[in-house]
Amino acid sequence: MELTRLIRQFQPETARRIQPRPYINHSVEFKGLFTAEERARVLDDVGLNVFYFPSEMITGCDLLSDSGTTTMTNDQWAALHQGDEAYGSNRGYFRLREVIRETFGEEYFSDAPGLAPNAFLFHQGRACEDALFSALGRLGSGLVIPSNGHFDTTQANIEGNRIAAVNLFSPELQNPASDGRFKGNMDTKRLRALLETSGGRVPVVYLTITNNTGGGQPVSLANVREVSEIAHGYGLPLMLDACRFAENAWFIKQYESGQQNRAIIDIVREVFSHADGFTISFKKDGIVNMGGGLFFRQGGLFLKQYPHLADEITNHQITKEGHPTYGGLSGRDIMALAVGLGIAVKDAYLAWRIQQIERFGRFMQEQGLPILTPTGGHAVYLDMNRFFAGTRIRPEDFGGISITALLLAGYGHRGCELGHFAFGSYDPATGKEAFPEVNFVRLAVPRLRYEDADLASVAESLRLLYDERDRIPGVEVTFGKELALRHFKARFRFKESAVGCS
Ligand code: F0G
């Protein structure tokens, strides 16, 4: 009997429950070994701010961010060696131009003389935001930019240019009972209401895919279409914050009706066809350690409404970053990015990536931990309100900071508070804190870096803390509570002696 016929009878692909990774380790790095006491001493010295904790002392998983923390593939390392460090029009620029066109659509990268420049490379996402919002800020006063959820640096760059940043989260995001697959959507009712009353003050509408501030939750194609129609109805351009565009497309393919048989790349191109431009940090779905870009659709509403801004942004880029043909990037970074974008939209890569986050979420649920469900694309979000429900922790105790400190010192895993402290603010005039709608500790999973056992160990460590939640003290802020972007800079100390040491 032919093996090809025999194998059909076993149906090996569908019968298997445990899938192997679609990649192998290319090279590995051994970690340093440190004790809980050693980590605690150092974390105390840096005022419990996990950003200042030396990464070389992390004996567990570093889940502070999925940004720039990717493991690159051997093809990318090979591409680095081919980097061309010419001052103008290096080899990588032309490769990247092709890949951007193939991925997002031809009209997002046209550098023919006579057309408005529409593709701007920057060293990372926030530099693109700076270029865009400083240009928009000069359009007038009292402006407002609505989004389904602005990221922290996006919000800071908007507000830094005296524009108000408004988040129109989906009501489903706040409902733990909902199993909606697209909790990252924009609340279009609130968008219509805002545009009805203040449309004249809105220069652009923003959609973040996936919605990082909103639990890493995806945005449906239907929502992209609807937001685009509403914005265009008011003559307003739609901009995407597209850092995790490939992960978002995977959710659309998987869960949105009628999308199952489409190629990821076709979904990506349709999403971008509804937009007029986008900012992107390539440190996420670009699968690289550095890079960003700002792109406008040739023929789109942004360049129609603001034709003079393309040249202003080019001037900004040349004075702050570099010539338009390399922006803020070295030639070798551009080469690695051109390869990375190709990997990001591959089915085998994406399925593994998202399913690993799903499994991480399941490990957490098996340990009884309250997480945002369904899990999103790049992280598991631990719900601090439910974690501390029924304990003495009040919002002003910043329990999320306590958890990140104890998880790092006690178990060697680094997560990030994205909740009452990171997104809250302190008003020195009233002495009062204003708390945001969302209150999470985020465990962001770097791409191609960790195995399931690593993540299961994070879940188990958090369960041990959850068991002790009644004894976990809050923190007081010893420095920086009144500062903008305070979570990057502030220092803390525990309000009373730590767990079990009283
Ligand atoms: N927009 C979103 C949605 C982001 O998640 C980030 C970065 C940025 C913009 C800014 O890009 O870092 O290249 O300047 N997010 C990282 C994170 C830092 O950990 O979520 P950047």
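Please refer to the structure placed before this passage.
Rules used throughout
- Residues numbered from 1 in each chain as written.
- Predicted model: local features only at pLDDT ≥ 70, side-chain atom pairs only at ≥ 80, totals over all residues.
- Heavy atoms only, no water.
- Near = heavy atom within 4 Å.
- Polar contact = N/O pair within 3.5 Å; in protein donor to acceptor, adjacent residues only side chain to side chain.
- Areas by Shrake-Rupley, 256 points an atom, 1.4 Å probe, with all protein chains shown as cover.
- Helix = DSSP H or I, 4+ residues; strand = E, 2+ residues; numbered from the N terminus.
- Nonpolar A, V, L, I, M, F, W, Y, C, P; charged D, E, K, R; others polar.
- Phe/Tyr/Trp six-rings, centres within 6.5 Å; stacked < 30°, edge-to-face > 60°.
- Buried < 20%, exposed > 50% of the residue type's maximum accessible area, 1.4 Å probe, protein only.
- Lys NZ or Arg CZ within 6 Å of the ring centre and 35° of its normal.
- 1 Å grid on protein atoms, 1.4 Å probe; cavity = no way out; pocket = protein on both sides within 12 Å on 5 of 7 lines; lining within 4 Å.
- Points joined across faces, edges and corners; volume = space filled by probe spheres on them.
- Domains from an automatic or database assignment.
- Pairing = 2+ DSSP bridges.
- Axes fitted to C-alpha atoms, helices over the stretch in contact; angles between N-to-C directions.
- Contact = heavy atoms within 4.5 Å.

### Some thoughts on the site of the ligand
Inference 1: Residues in contact with the ligand amount to 18 residues; listed here are only the nearest, Ser65, Arg126, Asp241, Ser281 and Lys284.
Inference 2: At a separation of 3.0 Å, an oxygen atom of the ligand approaches a polar side-chain atom of Arg244.
Inference 3: In the environment of the ligand, an oxygen atom lies 2.7 Å from a nitrogen or oxygen atom belonging to the side chain of Arg442.
Inference 4: The protein chains hide 93% of the 470 Å² of surface that the ligand would expose on its own.
Inference 5: For the shell around the ligand, the elements supplying multiple residues, two or more each, are helix H6 (125-137) and helix H7 (152-159).
Inference 6: If you tally residues by element for the shell around the ligand, the top one is H6, at 3 residues.
Inference 7: Looking at side-chain class alone, the shell around the ligand contains 2 nonpolar, 9 polar and 7 charged residues.

### Some points on the packing of aromatic side chains
Inference 1: For the structure on display, the rule yields 27 aromatic pairs.
Inference 2: Ring centres of Phe387 and Phe388 lie 5.0 Å apart, and the angle between their planes is 65 degrees; on these two criteria the pair is classed as edge-to-face.
Inference 3: The class of Phe387 is buried, set by a relative accessible area of 0%.
Inference 4: Classification of Phe388 as buried rests on a relative accessible area of 6%.
Inference 5: Put simply, the rings of Tyr93, Phe94, Phe104, Tyr108, Phe109, Phe245, Phe272, Phe278, Phe282 and Phe295 pair up and form one aromatic cluster.
Inference 6: Note that Arg181 overlies the ring of Tyr255, its terminal NZ or CZ placed 3.7 Å from the centroid.

### Focus on the layout of surface pockets
Inference 1: Size it by volume and the largest pocket reaches roughly 1400 Å³.
Inference 2: Sort the elements by how many residues they give to the lining of the largest pocket and helix H4 (residues 74-81) lands first, with 3 residues.
Inference 3: Built from parts of two domains, the lining of the largest pocket gets at least three residues from each of domain 1 (22-59 + 347-494) and domain 2 (75-344).

### Considering the sheet that holds strand S8 (residues 379-383)
Inference 1: With antiparallel pairing, 3 strands are arranged side by side in an open sheet as S8-S12-S9. Looking at strand neighbours, the two that pair on one side only are S8 and strand S9 (416-418), the edges of this open sheet. Within the sheet, the average angular offset between the axes of one strand and its neighbour, ignoring direction, is 35 degrees.
Inference 2: In the sheet, S9 pairs with strand S12 (residues 440-444) via 3 bridges, with the strands oriented antiparallel. Residue pairing in the sheet places Glu417 in a bridge with Val441 of S12.
Inference 3: The strands touched by helix H15 (residues 347-366) within the sheet are S8 and S12, with S8 carrying the most contacts at an inclination of about 30 degrees.

### Points about helix H11 (residues 264-273)
Inference 1: Buried within H11 are the following residues: Ile264, Ile267, Val268, Glu270, Val271 and Phe272.
Inference 2: On its buried face, H11 sits against helix H5 (91-104), helix H9 (221-233), strand S5 (238-241), helix H10 (245-255), strand S6 (277-281) and H15.

### Some points on empty space enclosed by the protein
Inference 1: Applying the stated rule across the entire model yields 2 cavities of 30 Å³ or more.
Inference 2: In terms of lining, the largest cavity is formed by Leu48, Asn49, Val50, Phe51, Ile401, Thr404, Cys416, Glu417, His487 and Phe492.
Inference 3: A per-class count over the lining of the largest cavity returns 6 nonpolar, 3 polar and 1 charged.
Inference 4: Space inside the second largest cavity adds up to approximately 40 Å³.
Inference 5: Tyr349, Trp352, Arg353, Gln356, Pro446, Arg447 and Leu448 are the residues that line the second largest cavity.
Inference 6: Here the residues of the lining of the second largest cavity are counted per class, giving 4 nonpolar, 1 polar and 2 charged.

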